[in-house]
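Residue strings, one per chain:
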Amino acid sequence: QVHLVESGGGLVQPGGSLRLSCAASGFTFSNYRMSWYRQAPGKERELVAVITSAGDTNNADSVKGRFTISRDNAKNTVDLQMNSLKPEDTAVYYCNARRIDILGRILNDYWGQGTQVTVSS
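Residues numbered from 1 in each chain as written. Predicted model: local features only at pLDDT ≥ 70, side-chain atom pairs only at ≥ 80, totals over all residues. Heavy atoms only, no water.

**Student:** Explain the overall build of the chain to me, please; I cannot follow it from the model alone.
**Tutor:** Per the secondary structure count, the chain includes zero helices and 11 strands. Here the C-alpha atoms of the chain give a radius of gyration of 14 Å, agreeing with the 14 Å that 2.2 N^0.38 yields for 121 residues. Structurally, the chain occupies a C-alpha span of about 45 × 25 × 25 Å along its principal axes. When each of the 121 residues of the chain is scored for burial, the buried share is 40%. Of the contacts formed within the chain by residues at least 6 apart in sequence, a portion of 55% connects residues at least 24 apart. Approximately 6,500 Å² of the chain is accessible, and the part contributed by carbon and sulfur atoms is 47%. With 13 positive and 11 negative side-chain charges, the chain shows a separation of 1 Å between the mean positions of the two kinds. (Helix = DSSP H or I, 4+ residues; strand = E, 2+ residues; numbered from the N terminus. Rg over C-alpha atoms; globule rule 2.2 N^0.38 Å. Buried < 20%, exposed > 50% of the residue type's maximum accessible area, 1.4 Å probe, protein only. Contact = heavy atoms within 4.5 Å. Areas by Shrake-Rupley, 256 points an atom, 1.4 Å probe, with all protein chains shown as cover. Lys, Arg positive; Asp, Glu negative; His and termini not counted. Charge placed at Lys NZ, Arg CZ, Asp CG, Glu CD.)

This is the structure:
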């Protein structure tokens, strides 16, 4: 059974930092592209950062220079280090695991339950 469990969310002041972690089980973690998404109230879910099975990363423009995604294939975890947080970063953050084929078709797609991040003074 597949599980993605996020942790590390909470309340932080503007300019502060948080580190989110996602623990994965039930699938071959190293074969999956791992991503963090977020969804703010009244807005659509958006991609924040992605790391491929090869370790290549890409961030949304809104978080470039502030957020860093990393993975540990030995521990089956993916982290999101968030620095210089802004009120507009407030959202529920979701971990996603996705396996795609050579043509880019989605073969498997798993989601965590989300963790709340609130940036406020």
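After that view of the structure, there is still more to cover.
**Student:** Would you take a moment to explain the pattern of salt bridges for this structure?
**Tutor:** Think of it this way: side chains of opposite charge can pair up when their charged atoms draw near. Inspection of the entire model under this criterion finds seven salt bridges. A salt bridge links Asp61 to Lys64; its shortest N-O distance comes to 3.3 Å. With its nearest N and O atoms 2.8 Å apart, the salt bridge here joins Arg98 to Asp109. Within this pair, whereas Arg98 is found in strand 9 (residues 91–100), its partner Asp109 is found in strand 10 (residues 106–111), the two being separated by 11 residues in sequence. Sharing partners across several salt bridges, the network here consists of Arg38, Glu46, Arg66 and Asp89. (Salt bridge = Lys/Arg side-chain N within 4 Å of Asp/Glu carboxyl O.)

**Student:** Could you clarify how one ought to interpret the state of the cysteines in this entry?
**Tutor:** Two cysteines whose sulfur atoms are joined by a covalent bond form what is called a disulfide. As enumerated under the stated definition, the model contains one disulfide in all. Each sulfur of the disulfide joining Cys22 and Cys95 lies 2.2 Å from the other. Taking the sign of the S-S torsion, about -80 degrees here, the bridge from Cys22 to Cys95 comes out left-handed. Of this pair, Cys22 sits in strand 3 (residues 18–25) while Cys95 sits in strand 9; the two residues are 73 residues apart in sequence, bridging distant segments of the chain. (Disulfide = S-S within 2.5 Å.)

**Student:** Any chance you could explain the pairing of strand 9 here in plain terms?
**Tutor:** Remember that side chains alternate between the two faces of the sheet whenever the strand is regular. Counting buried positions along strand 9 yields seven of 10 residues, so the element is predominantly enclosed. Pairing analysis gives seven bridges linking strand 4 (residues 33–39) to strand 9, with the strands arranged antiparallel. Its bridge partner lying in strand 9, Arg33 is registered against Arg98. Pairing geometry for strand 9 and strand 11 (residues 115–119), over three bridges, is antiparallel. Bridge pairing in strand 11 links Val92 to Gln116. Looking at chain direction, strand 9 and strand 10 are connected through five bridges and run antiparallel. Counterpart to Arg99 in the pairing with strand 10 is Asn108. The antiparallel pairing of strand 9 with strand 10 creates a hairpin that spans five residues between the two strands, and Gly104 there sits at a positive phi of about 85 degrees. (Pairing = 2+ DSSP bridges.)

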